[in-house]
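Residue-level listing of the chains:
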Amino acid sequence: MLNKLVYAAIVLFWIGAMSWLVRHDVIPALTARDVPSIKAEGWLEGEKRESQARIEDKTGKRIGTIWSTHTAGRNGVSRSDVFLIERLPPLPRLRIQVDADFTLDGELDEVLLEVDGIGKRIKLEGENMSGNLAFILWVGQRRQLFKIDADAAGMLGDVFRPFPALPNIEVGQSWRMHVVNPLAAISGFGSKLIPMIVKVRARERLLTDQGAVECFVVETDHGARAWVDADGTVLRQEADVPIGGRLTVVAEPFNAEFLQETLSLPLP
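About the criteria used
Residues numbered from 1 in each chain as written. Predicted model: local features only at pLDDT ≥ 70, side-chain atom pairs only at ≥ 80, totals over all residues. Heavy atoms only, no water. Helix = DSSP H or I, 4+ residues; strand = E, 2+ residues; numbered from the N terminus. Buried < 20%, exposed > 50% of the residue type's maximum accessible area, 1.4 Å probe, protein only. Contact = heavy atoms within 4.5 Å. Areas by Shrake-Rupley, 256 points an atom, 1.4 Å probe, with all protein chains shown as cover. Salt bridge = Lys/Arg side-chain N within 4 Å of Asp/Glu carboxyl O. Pairing = 2+ DSSP bridges. Phe/Tyr/Trp six-rings, centres within 6.5 Å; stacked < 30°, edge-to-face > 60°. Polar contact = N/O pair within 3.5 Å; in protein donor to acceptor, adjacent residues only side chain to side chain. pLDDT = per-residue confidence, 0-100.

What the protein contains, in helices and strands, is 3 helices and 15 strands. Every one of the 268 residues in the protein was classed for burial, and the buried ones make up 51%. Look at the contacts in the protein between residues 6 or more apart in sequence, and 51% of them connect residues 24 or more apart. By element, 50% of the accessible surface of the protein is carried by carbon and sulfur atoms, the whole surface being about 12,700 Å².

We now examine unusual backbone geometry. Positive phi values are uncommon outside glycine, yet Asn168 reaches one of about 60 degrees. Relative to the helices and strands, Asn168 resides in the loop between β9 (142-149) and β10 (174-180). Accessibility expressed as a relative area gives 58% for Asn168, which makes it exposed.

Once that is clear, we can look at the pattern of salt bridges. Side chains that differ in charge, positive against negative, can pair when their charged atoms come close. As enumerated under the stated definition, the model contains 13 salt bridges in all. Linking Glu252 and Arg54 is a salt bridge whose minimum nitrogen-to-oxygen distance equals 3.5 Å. With Glu252 in strand β15 (residues 245-252) and Arg54 in strand β2 (residues 48-56), this residue pair connects regions lying 198 residues apart in the sequence. Neither residue differs from the other here; Glu252 and Arg54 are each classed as buried. Put simply, Arg246 and Glu238 hold a salt bridge, and the shortest N to O gap is 3.6 Å. Where salt bridges share partners, they join Arg54, Glu56, Arg62 and Glu252 into one cluster.

A word on the pairing of β2. Two strands pair when backbone bridges link them, and β2 and strand β3 (residues 62-73) are joined in this way by 9 bridges, in the antiparallel orientation. Within β3, the residue paired with Arg49 across the bridge is His70. Hairpin connection of β2 to β3: 5 residues between the antiparallel strands, including Gly60 at a positive phi of 90 degrees.

Attention shifts here to the packing of aromatic side chains. Under the criterion given, the structure shown has 1 aromatic pair. Summarising the aromatic geometry, the rings of Trp67 and Phe258 are spaced 5.0 Å apart at their centres and angled 85 degrees between planes, so their arrangement reads as edge-to-face. Placement of Trp67 in strand β3 and of Phe258 in helix α3 (residues 256-263) is noted, with a sequence separation of 191 residues between them. On the basis of relative accessible area, Phe258 is assigned to the partly exposed category, the value being 23%.

Attention now moves to the environment of Gln237. By secondary structure assignment, the location of Gln237 is in strand β14 (residues 234-241). Residues Gln237 and Glu219, spaced 18 residues apart in sequence, show a C-alpha to C-alpha distance of 9.5 Å. Those residues in contact with Gln237 that sit more than four places away from it in its chain are Arg161, Pro162, Phe163, Arg225, Ala226, Trp227, Leu247, Thr248 and Val249. Among the polar contacts listed, one links the side chain of Gln237 to the backbone oxygen of Phe163, at a separation of 2.8 Å.

What follows concerns the pairing of strand β4 (residues 76-85). Burial analysis of β4 places 8 of its 10 residues in the buried class, the great majority of the element. Where β3 meets β4, 10 bridges bridge the pair, whose relative direction is antiparallel. Each bridged residue has a counterpart across the sheet, and for Gly73 the counterpart in β4 is Gly76. Hairpin connection, β3 to β4: the antiparallel pair is bridged by 2 residues.

Residue-level pLDDT values for the protein average 78, and 74% of them are 70 or greater. At the level of individual helices and strands, the protein shows its lowest average pLDDT in strand β1 (residues 22-23), which scores 41, and its highest in α3, which scores 97. Contacts from residues 17-32, a stretch scored under 50 in pLDDT, to residues over four places away or in other chains number 63 contacts.

Here's what the structure looks like:
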C-alpha cells in the first residue's frame with residue numbers, strides 16, 4: 001500500500017508541482033531580461049482576470065480542464081488554479097488546487113497545493129521566510145521539508161501548462177528556470193530542482209477558434225512550446241508529461257458553472 005501511495009504521489013506531484021518555475025540568473029551570453037513576473041501594474045487592469053483551457057492528449061481527445069483566476073489587491077496579486085484531470089489512465093479522476101500570493105514586485109510569497117482523488121492527503125505548502133522559500137510536502141502522514149533561495153523564485157506553473165501567463169514579453173527575451181523534481185522531493189534522493197532555459201523565439205500567427213492571432217512563440221530546451229498573445233494570455237501550449245505523452249493545452253471561454261461543479265465534486 002505504501003509503495004502504491006509513493007508511486008501515486010510521485011505522479012501527482014509531477015503533474016501538480018513539476019513546473020514550479022523559479023527564476024535564476026539571466027543567460028550571460030544573451031541580452032536577456034528577468035522572467036516575466038506576476039504584477040498587477042500594466043497587466044491586470046481590472047481587479048480580476050479569469051482564464052480557462054482544455055487539456056488534450058496526443059490524439060486530440062479532451063482529458064481535463066484548467067481554470068486560473070488572478071486577483072489584484074493592496075499587497076500584490078493572488079492567483080487561484082483549479083485542475084480537473086478526468087481521463088488519463090492509470091490515474092483516477094483528480095482535482096488539483098493551487099493558491100498563490102505574489103508581492104507587489106511580482107515575487108512568489110506563499111503557496112498551497114492540494115490534491116483530491118487519491119484518498120490520502122497530498123499537500124505542498126510554501127512560504128517566503130528569511131530570504132528562502134520554505135516548503136513542507138505532505139504524503140499521507142509523512143512530512144518532508146526543503147527550501148530554495150527566495151531571490152530565485154518567480155513564476156508558478158504545472159506540467160500540463162508550464163506557462164500560465166506571460167505578460168510584457170519580447171522576441172529575444174530569455175531566462176533560466178528550474179522545475180521541481182517530485183521524486184527527489186518525496187524520496188530525498190537526487191536534485192529537487194531541474195534547470196531549464198526559456199526563450200521568446202519569434203512572432204507568428206496562430207489560428208484559434210476566434211480567428212488568426214499574432215502571437216509570441218516561447219520555447220524551452222526541454223521541448224515545451226507556447227503561443228502568447230500581446231496581452232500575455234497563453235492561447236496554446238504543448239509539453240511532454242511522464243504519462244500521456246505529448247499534451248496540448250488550448251484556451252477556451254471561461255465557464256464559471258463548470259468550475260463550481262468541479263469544486264463541489266465529492267473526491268476521496
